[in-house]
There are 2 protein chains.
Amino acid sequence: MNTLFAPSALLPSGWTDDVRLTIDARGDIAAVDPGAQPDGAERLAGAVLPGMPNLHSHAFQRAMAGLTERTGEAEDSFWTWREVMYRFVGLLTPDDLLAIARQLYAEMLAAGFTAVAEFHYLHHDPEGRPYADRALMSRAIVQAARDTGIGLTLLPVLYVAGGFGGKPAGAGQRRFLNPVDQFLRLTDALAREAAGDGQLRVGIAPHSLRAVPPEALRDVVAGLGRIDRTAPIHIHIAEQMKEVEDCLIWSARRPVEWLLEHAPVDERWCLVHATHMSEEETAALAGSGAVAGLCPTTEANLGDGLFPLLPYVAAGGALGIGSDSHISVSPVEELRWLEYGQRLAARRRNVAVHARGASTGAALLAHALDGGARASARPVGAIAPGKRADLVVLDPDQPLLAGREGDRLVDSWIFAGNAPAVRDVMVGGQWVVRDGRHHDAERIARDYRQVVKRLAAA
Amino acid sequence: MNTLFAPSALLPSGWTDDVRLTIDARGDIAAVDPGAQPDGAERLAGAVLPGMPNLHSHAFQRAMAGLTERTGEAEDSFWTWREVMYRFVGLLTPDDLLAIARQLYAEMLAAGFTAVAEFHYLHHDPEGRPYADRALMSRAIVQAARDTGIGLTLLPVLYVAGGFGGKPAGAGQRRFLNPVDQFLRLTDALAREAAGDGQLRVGIAPHSLRAVPPEALRDVVAGLGRIDRTAPIHIHIAEQMKEVEDCLIWSARRPVEWLLEHAPVDERWCLVHATHMSEEETAALAGSGAVAGLCPTTEANLGDGLFPLLPYVAAGGALGIGSDSHISVSPVEELRWLEYGQRLAARRRNVAVHARGASTGAALLAHALDGGARASARPVGAIAPGKRADLVVLDPDQPLLAGREGDRLVDSWIFAGNAPAVRDVMVGGQWVVRDGRHHDAERIARDYRQVVKRLAAA
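How each quantity is defined
- The residue count restarts for each chain, going from 1 along the sequence in the order it is written.
- By the order in which they are written, chains take letters starting at A while ligands take numbers starting at 1.
- A pLDDT threshold of at least 70 governs which residues receive local features in this predicted model, and a stricter bar of 80 or more applies before side-chain atom pairs are shown or counted, although totals over entire chains, interfaces and linings include all residues.
- As a convention, hydrogens and water are excluded, and side-chain values are obtained from all of the structure's heavy atoms.
- The superposition of copies rests on a least-squares fit of C-alpha positions from residues with pLDDT of 70 or more in both.
- Whether two residues are in contact is decided by their heavy atoms: any pair within 4.5 Å suffices.
- A 1.4 Å probe that fits into a set of points on a 1 Å grid over the protein atoms alone but cannot get out defines a cavity; an open set with protein on both sides within 12 Å along at least five of seven lines defines a pocket, and lining residues are those with an atom within 4 Å of a point.
- Grid points are joined across faces, edges and corners, and a volume is the space filled by probe spheres set on the points.
- Strands here are runs of E lasting at least two residues and helices are runs of H or I lasting at least four, both read from the DSSP assignment and numbered beginning at the N terminus.
- A pair of Phe, Tyr and Trp rings is counted when the ring centres sit within 6.5 Å of each other, with Trp represented by its six-membered ring. The angle between the planes then sorts it: under 30 degrees is stacked, over 60 is edge-to-face, the rest tilted.
- Burial here depends on accessible area, computed with a 1.4 Å probe over protein chains only, as a share of the maximum for the residue type. Under 20% is buried, over 50% is exposed, and the range in between is partly exposed.
- Lysine NZ or arginine CZ positioned within 6 Å of the ring centre and within 35 degrees of the ring normal marks a charge as sitting over the ring.
- The score called pLDDT rates the predictor's confidence residue by residue, from a low of 0 to a high of 100.
- Two strands pair if DSSP finds at least two bridges between them.
- By definition, the arc is the one covered by directions from the helix axis to the C-beta atoms.
- Throughout, the accessible surface (probe 1.4 Å) given up by two parts as they are put together, summed over both, is called the buried area.
- A pair is scored as a salt bridge if a Lys or Arg side-chain nitrogen falls within 4 Å of a carboxyl oxygen belonging to Asp or Glu.
- In protein, a polar contact means a hydrogen-donor-capable atom and an acceptor-capable atom, both N or O and within 3.5 Å, with residues adjacent in sequence counting only if both atoms are side-chain atoms; elsewhere, any N or O pair within 3.5 Å suffices.
- Just so you know the grouping, Ala, Val, Leu, Ile, Met, Phe, Trp, Tyr, Cys and Pro go in nonpolar, Asp, Glu, Lys and Arg go in charged, and all remaining residues, Gly too, go in polar.

Q: Break down the relation of the copies chain A and chain B for me, with residues and values.
A: Superposition of chain A onto chain B requires a rotation of 180° combined with a translation of 0.0 Å along the rotation axis, giving an RMSD of 0.0 Å. Taken together, these values place the two copies in the relation of a two-fold axis. Same-surface contact between copies: 100% of interface residues of chain A are shared with the interface of chain B.

Here it is as structure tokens:
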């Protein structure tokens, strides 16, 4: 048993002073005692929040960040960006992926993300041939999470087709492809290896309605039920208007509408992006129990559009945040610009809160912790008994946070400034970041730089 | 004479290797020699860019950041935010302003802003009575700039009325008010004191068409011409739709339209925000030679709306960036979200560049350096003989920048990640930031924290 004493902590009931936390040998919170004495406990340097789950990541894209911010020959869009991404994919070895994911996860931890759901589609070698160990690339992700200490929800991706109606996949997609039965064997093997590991959970990600035809979607969801009845299911959906239009041509249904009609969408599901929804779809998704996986910085970088946040939240919808393509790795930038996008569209302030006198920062944080935890399918996102000891300690010496307490502290963290404000980070009872630095940052960055320089020269 | 050697430098002609810079005793660049040898020069740690001018600042608002991110009793807007700001204004002493501005300017320098145009409207004591020295609050701004080393364009603000048509000012505005003749005497005194100081320039800021009736605007512009014929003139304009509507009711003209018809708008002018313009206003402003002063983070925080960037840039308009209310202090976040706002609206990528194969980061940087320098009316914004030696050295050890050179380095700085990437900053030939830290950061932060804690308790 390890004990911590927080001068101030964000508990499910709100900000509370003098909180003593007891953490068991597995890294779970065993007890939370408000109004306690420090006694022999380790005293935290500042106010403590639950660590933030990052519900959508394509780790390898971290190394592409900054390489696509220029025009090509054609008008630039998500679809031209995807061509650049496919060329980049063709260069990566398992060791490259390990080095990139380690750097990314160390950055996530330093920014306050304590768990990540990795939407992992890079399975095969550059020619599209399975590695001798079909789980080789998946193991690189698991290894990167273990090496850095971040909690992981591994979502191997099912990718079958190149477009709606079972269009054949292109050469750029050959590293992603698996038949459903092969994919389920991979998932089963990974899930067995993860059993009992408090830091790891395995689910699946049918890539999108473009890449997974109806029968494959039905079979993979049924197959997952035989492996783990409560495992998470993530899917990309309605990110681009072209995707909505193609889906309408194919099925006479919009993507979210089609999915809600044809799949058993419930609390296990995370619909990533869901940017383009009708009023009916918005209300139906909010009522389904699924989580909307919002990635505001990537959705802005790719010119996707704005999620209908206000009606969705008003209808009780769940949401979380992901850094997706990792052109930003920060819960602050995701939450800040989730709100700002809505303010720009609505031309008023503090739009994401409905209660008078409520704090926008605290409301957004609560949404993202709750939805992020559900999409991770791990006991995280709250400082409470039975949850993982995933903690973020804000830096009391950061001038931006001077004189700020409680919800105003959260508002100042989310809505003021750019200086790093996270001081210490614990995941599963282990300190992984101290004084703003990941414990292995230097070695991880050295390996990463070598890989990126080789890729940049290729 | 001081000499520097840069492995790579962004010159007006583009990225250039092995550049030797000679800096004279005044802090101006005397010579730029590409393809040179290091000889005895001080070797810079990484690629060097011109320092960025910040063309719009209300320094005191830095201490409010994070305090207004909650709903009030009424629907929240710019106008309810302004009420909170007015209450905050009532608390500030000259020493408070000095401590807050010092903290802000030190943060600007560490982020890569090497000059600031301070739109300074807090002239009198909390009761609205002039201080014995009418320039007391202005001197606090000048002192903060000198103490931190940032270049300053001081713009004392003329504030006469509380709304269109000469509506009387309210109690919240009493610290701002001056009759035109009094204001011109203040400006003249400040301009005389600044003469010959390479770090300082004085201009004026008629606050807005709301606060400055036509005859006062005419008189103050004419009066400035007698003090300094090339001094800069900044004005808030067309930030909110309500302002456009009120202006239409008052004059049957939209704000930018009215200004272009009634004032001698030319290269001296900076129109801050100019968010809401018709196509005709956009083209006319672009052709006027004036700079559009864009503040994307504040304009998002306040729910103002999106500037018509694409037609404005296509018509050859000049623009620069400002951090305004300082809920963010970073050229990266301003430029990134200036572009992203447009991508979200247009639903495509790399919208701010018109040339095929061009870098969006480099194009945005060039615009903001050029427009920022013009709005500052100081010789900054380029690494060239005769310009101030205002330099930003990017951190070659930052993993985000690994393997990136030239325009891709700029793209990666602007469009990837959140970790601080500025290593060293020189202003007017003096190093003010080394290894990411302002040389006096600790003392400045200590004073700032004391002030903010007192204000938070008030």
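Q: Can you tell me about the layout of surface pockets, naming the residues and giving the values?
A: Estimates place the volume of the second largest pocket at around 540 Å³. In terms of lining residues, the second largest pocket is bounded by 25 residues, among which Arg408 of chain A together with Leu67, Thr68, Val84 and Arg87 of chain B are the most central. For the lining of the second largest pocket, the secondary structure elements donating two or more residues are α1 (78–89) and α14 (441–457) of chain B.

Q: Lay out the packing of aromatic side chains with the relevant residues and their values.
A: According to the stated counting rule, one finds 23 aromatic pairs over all chains in the structure shown. The interplanar angle of 80° and the centroid separation of 5.0 Å between the aromatic rings of Phe307 of chain A and Tyr312 of chain A together place this pair among those described as edge-to-face. Tyr312 of chain A matches Phe307 of chain A in its accessibility class, with the two residues each being buried. Taken together, a centroid distance of 5.4 Å and an interplanar angle of 40° make the contact between Trp250 of chain B and Trp258 of chain B tilted. The class of Trp250 of chain B is partly exposed, set by a relative accessible area of 29%. Clustering of aromatic rings is evident, with ring pairs tying together Trp337, Tyr340 and Phe415 of chain A together with Trp337, Tyr340 and Phe415 of chain B. Of note, Arg343 of chain A hangs over the ring of Phe415 of chain A, and the distance from its end group to the ring centre comes to 5.4 Å.

Q: Residues and numbers for the confidence of the model for chain A, please.
A: Do not read the predicted coordinates in detail wherever pLDDT is low. Summary statistics for chain A give a mean pLDDT of 95 and a share of 99% for residues scoring 70 or more. Interface predicted TM-score (ipTM) for the complex: 0.96; the corresponding pTM is 0.97.

Q: Please give an account of the pairing of strand β11 (residues 233–237) of chain A that cites residues and values.
A: For a regular strand, the rule is simple: side chains alternate between the two faces of the sheet. All names here are of chain A. Burial within β11 is extensive, with 5 of its 5 residues counted as buried. What you see with β11 is no split at all: Ile233, Ile235 and Ile237 on one side and His234 and His236 on the other are buried throughout. Bridge count for β11 against strand β12 (residues 269–273) is 5 bridges, and the pairing is parallel. Looking at the pairing, His234 lines up with Cys270 of β12.

Q: I'd love a proper account of helix α6 (residues 241–251) of chain A, names of residues and values included.
A: Residues and elements named next belong to chain A. When α6 is considered as a whole, its buried residues turn out to be Glu243, Val244 and Cys247. The buried side chains of α6 occupy one side of the element, clustering within an arc of 100° when seen end-on. Buried residues in α6 make contact with α1 (78–89), β11 and α7 (255–262). Looking one or two residues past α6, Ala252 carries a phi angle of roughly 60°, positive in sign.

Q: Explain the interface of chain A and chain B residue by residue, including any values.
A: In this complex, chain A contributes 75 residues to the contact, which on the side of chain B involves 75 residues. For the pairing of chain A and chain B, the buried interface totals around 6100 Å² over both sides, and the portion due to carbon and sulfur atoms is 50%. Across the contact surface, chain A and chain B share 6 salt bridges. With its nearest N and O atoms 3.1 Å apart, the salt bridge here joins Glu69 of chain A to Arg349 of chain B. Remark: the boundary between chain A and chain B carries 36 residue pairs in polar contact (both at pLDDT 80 or more). Among the secondary structure elements, those contributing two or more residues to the side of chain A that touches chain B are α1, α2 (94–111), α9 (296–301), α11 (331–346), α12 (360–376), α13 (406–415) and α14 (441–457) of chain A. Broken down by class, the residue content of the side of chain A that touches chain B amounts to 30 nonpolar, 22 polar and 23 charged.

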